[in-house]
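# Analysis of the macromolecular model
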Amino acid sequence: MNAAAAHPSEPPFWLLDPQVVFLNHGSFGSCPRPVLDCQRAWRDRLEREPIQFFVRDLEGLLDAARASLARFVGADPANLVFVPNATAGVNTVLRSLRFRRGDELLVTDHEYNACRNALDYVAGRERARVVVAPVPFPLHHADEVLEAVLAGVTARTRLALLDHVTSQTGLVLPIDRLVRALADRGVETLVDGAHAPGMVPLTLETLGAAAYTGNAHKWLCAPKGAAFLYVRPDWQPRVRPLIISHGANSPRKERSRFLLEFGWTGTGDPSAALSVPKALEVMGGLLPDGWPGLMARNRQLALEARRILCRAIDQPAPAPAEMIGALAALPLPDAPETAAPKSPLYLDPLQEALRAGEGIEVPVIPWPAPPAAGVADLGTSVQRAFALRAIGGGSAGQARPRFWGRDVRLVARERVQGAKGQGPRAKFKAQGKRPVPAAPAR
Ligand SMILES: Cc1ncc(COP(=O)(O)O)c(C=O)c1O
């Protein structure tokens, strides 16, 4: 890609360590140098005259950045606010809502662990019930998702929390159809679109979801701490920020309470949010056909990476190409021994072995939970490492001209013990409980 082929005298576009074959932009990708330069300039401006910046300038500056991001995601800027990350966006909505005892909150077994925890917390507080729809993986058609989710709806279902792009399994869910079908059954949807902005086109104003949160610090390549929360106008009065601040009793009438409250949640560093327009411009300028071209290219690279790996491990593609964006996940068999997580974010031994032995950073994610007695098999890791290197564009340390789209996820699946229905996943379904320990993923 042009940006990576900088002239030797120019500083590189990415700060990524050339010794590492980096295949995990989805968890924490890198932010390109021009965007970091922009962020630094915002910080310098803040520090030169803090009162001018925070008291007089910030609201207008954030309005401009919000308008730019809102345009990109197809939202009215009046309905979109900045939050620090998608986890905060999901928490903001869930923790604002009130439920009755026995109300049901619907989620899939592909939900991102942190957000599932937020749902469990709120359900516990409200004596509501979390209903988990088991969505198959591997799967053959997006309709299987629709069927699985709708099968979980009852007369008591109040809200569905759905990922737009699933973290562990890298599936782009048919979110328009899901939101519509749920609305037809009287169920509102909160969409966790952490991965979606910059991976798939968005038109939030027509989606119809009650709320949608997404990260700008993933596929838009904005600095860390830039994310948004969209809330449909009729839901705005009930959604309050996690931090109650000056906006709650502001006498101002020319802005909505929603914008007043989310516009100031205490002193912080707004430079990531303010740099979002620069990220949109820089990344959108990498290819002649702009963002549509970049999204298409990332998808093409992810599909190609998946094809190489599927061939290496002699497995069929686990999901239809239509459900792939810039992430691709492949199921792996279990290994004999159990591993304890060593990080607040799960670190699988295979992930560690590939990083230490091969210089390859690729997420190995236990799903739907760490296997009852084991983790992914290291036995054929050499073969996988060769395949991963092919995706990475050569040996670690070589020039890497094509960074984008090379997010490959290896999914360490649960051990299926004996006959169908006897494995941990079947137990999970039957008990309506989560297998323990829960598996943080990225
Ligand atoms: C579906 C989903 N939700 C939420 C998150 C969390 O994002 P953040 O850490 O920016 O809050 C992720 C991260 O990968 C994710 O995939």
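Residues numbered from 1 in each chain as written. Predicted model: local features only at pLDDT ≥ 70, side-chain atom pairs only at ≥ 80, totals over all residues.

## Some words on the overall build of the chain
The secondary structure content of the chain amounts to 15 helices and 12 strands. Considering the chain as a whole, with its 442 residues, one finds that 45% of them fall into the buried category. Taking the contacts inside the chain whose residues are at least 6 apart along the sequence as the reference set, 72% of them involve residues at least 24 apart. (Helix = DSSP H or I, 4+ residues; strand = E, 2+ residues; numbered from the N terminus. Buried ≥ 20, exposed ≤ 12 C-beta atoms within 10 Å, placed from the backbone. Contact = placed C-beta atoms within 7 Å.)

## Side note on the pairing of strand 7 (residues 211-215)
Buried residues dominate strand 7, accounting for five of its five residues. Residues of strand 7 alternate between two faces, with A211, T213 and N215 on one and Y212 and G214 on the opposite face, all of them buried. Sheet topology note: the strand 6 (residues 188-193)/strand 7 ladder contains four bridges and is parallel. For D192, the partnering residue across the bridge sits in strand 7 and is T213. (Pairing = 2+ DSSP bridges.)

## A short note on the site of the ligand
In the region of the ligand, 14 residues are neighbours, and N85, T87, Y112, S167 and A194 sit closest. Tallied by class, residues from the shell around the ligand come to five nonpolar, six polar and three charged. (Near = placed C-beta within 6 Å. Nonpolar A, V, L, I, M, F, W, Y, C, P; charged D, E, K, R; others polar.)

## Digging into helix 13 (residues 349-358)
Counting along an α-helix, one turn takes 3.6 residues, and residues three or four places apart therefore face a common direction. Restricting attention to buried positions, one finds in helix 13 the residues L350, Q351, L354 and E358. The arc enclosing the buried residues of helix 13, seen along the axis, measures out at 110 degrees, which places them on a common side. Where helix 13 terminates, the next one or two residues include G359, which has phi positive at roughly 70 degrees. (Arc of directions from axis to C-beta.)

## Examining the confidence of the model for the chain
When the pLDDT values of the chain are averaged, the result is 86; 80% of them are 70 or greater. Contacts from residues 394-405, a stretch scored under 50 in pLDDT, to residues over four places away or in other chains number 33 contacts. Predicted confidence for residues 413-441 stays below pLDDT 50, and this span has 52 contacts to residues more than four positions away or in other chains. (pLDDT = per-residue confidence, 0-100.)

## Focus on helix 11 (residues 276-284)
The buried fraction of helix 11 is high, at seven of nine residues. Inspection of helix 11 places V276, P277, K278, A279, L280, V282 and M283 among the buried residues, and these make up the whole buried set. Elements that come into contact with the buried residues of helix 11 comprise helix 2 (33-48), helix 3 (50-72), helix 10 (271-274) and helix 12 (290-313).

## Looking at the sheet that holds strand 8 (residues 227-231)
Pairing between the strands of a sheet is mediated by backbone hydrogen bonds and can be parallel or antiparallel. As summarised here, the arrangement of the seven strands in space is 2-8-7-6-5-3-4, forming an open sheet in which the pairing is mixed. A strand with exactly one partner marks an edge of an open sheet, and here the two such strands are strand 2 (80-83) and strand 4 (129-133). On average, adjacent strands in this sheet sit at an angle of 20 degrees to one another, irrespective of strand direction. Inspection of the sheet shows strand 7 paired to strand 8 by five bridges, in the antiparallel sense. The residue of strand 8 that forms the bridge with A211 is V231. Where helix 3 meets the sheet, its contacts fall on strand 2 and strand 8, and the angle it forms with strand 2 comes to roughly 110 degrees. In the packing of helix 4 (residues 86-96) onto the sheet, contacts are made with strand 2, strand 6, strand 7 and strand 8, and the angle to strand 7 comes to roughly 165 degrees. (Axes fitted to C-alpha atoms, helices over the stretch in contact; angles between N-to-C directions.)

## A closer look at the nonpolar core
What tends to happen in soluble globular proteins is that the nonpolar side chains get buried as a cluster. In terms of nonpolar packing, the biggest core is built from 114 residues, with A211, A222, F228, V276 and A279 touching the most fellow members. When residues in this core are grouped by element, the largest group, six residues, is from helix 12. (Core = buried A, V, L, I, M, F, W, Y, C linked by C-beta atoms within 7 Å.)

## Description of the packing of helix 4 against helix 5 (residues 113-126)
Each pair of packed helices can be summarised by the angle the axes make with each other and by the distance between the axes. Between helix 4 and helix 5, the least distance of the axes is 10 Å, while the angle of their chain directions is 15 degrees. Considered as vectors, helix 4 and helix 5 are oriented roughly parallel to each other. The handedness of the crossing between helix 4 and helix 5 comes out as right-handed. Here helix 4 contributes T87, V90, N91, L94 and R95 to the contact with helix 5, which in turn contributes A114, C115, A118, L119 and V122. (Parallel < 35°, antiparallel > 145°, perpendicular 65-115°, else oblique. Left-handed = near helix turned anticlockwise from the far one by under 90°.)

## Points about the packing of helix 2 against helix 11
The geometry of helix 2 relative to helix 11 is characterised by a closest axis approach of 9 Å and an angle of 160 degrees between their N-to-C directions. Regarding the angle of helix 2 to helix 11, the classification is roughly antiparallel. Note that helix 2 runs across helix 11; the crossing there is right-handed. Residues P34, V35 and C38 of helix 2 touch helix 11, and the partners they reach there are K278, A279 and V282. Taken together, the residues of the contact of helix 2 with helix 11 break down into five nonpolar, no polar and one charged.

## Things to note about unusual backbone geometry
At the junction of F137 and P138, the peptide bond is cis and its omega measures out at 0 degrees in the coordinates. As for its position among the elements, P138 is in the loop between strand 4 and helix 6 (143-151). Positive phi values are uncommon outside glycine, yet R127 reaches one of about 55 degrees. Inspection of the secondary structure assignment puts R127 in the loop between helix 5 and strand 4.

## A word on the environment of V149
In this fold, V149 is placed in helix 6. When the 24 C-beta atoms within 10 Å are taken as the criterion, V149 is described as buried. Taking C-alpha positions, V149 is 9.0 Å from A160, a pair spaced 11 residues apart along the chain. In this view, V149 contacts T108, A133, A160 and L178; residues no more than four positions away in its chain are not counted.

## Remarks on the pairing of strand 8
Along strand 8, five of the five residues are buried, which leaves the element largely enclosed by surrounding structure. On strand 8, burial covers both faces: A227, L229 and V231 on one face and F228 and Y230 on the other are all buried. The pairing of strand 2 with strand 8 spans four bridges and is antiparallel. Residue F82 lies in a different strand from strand 8, and its bridge partner there is F228.

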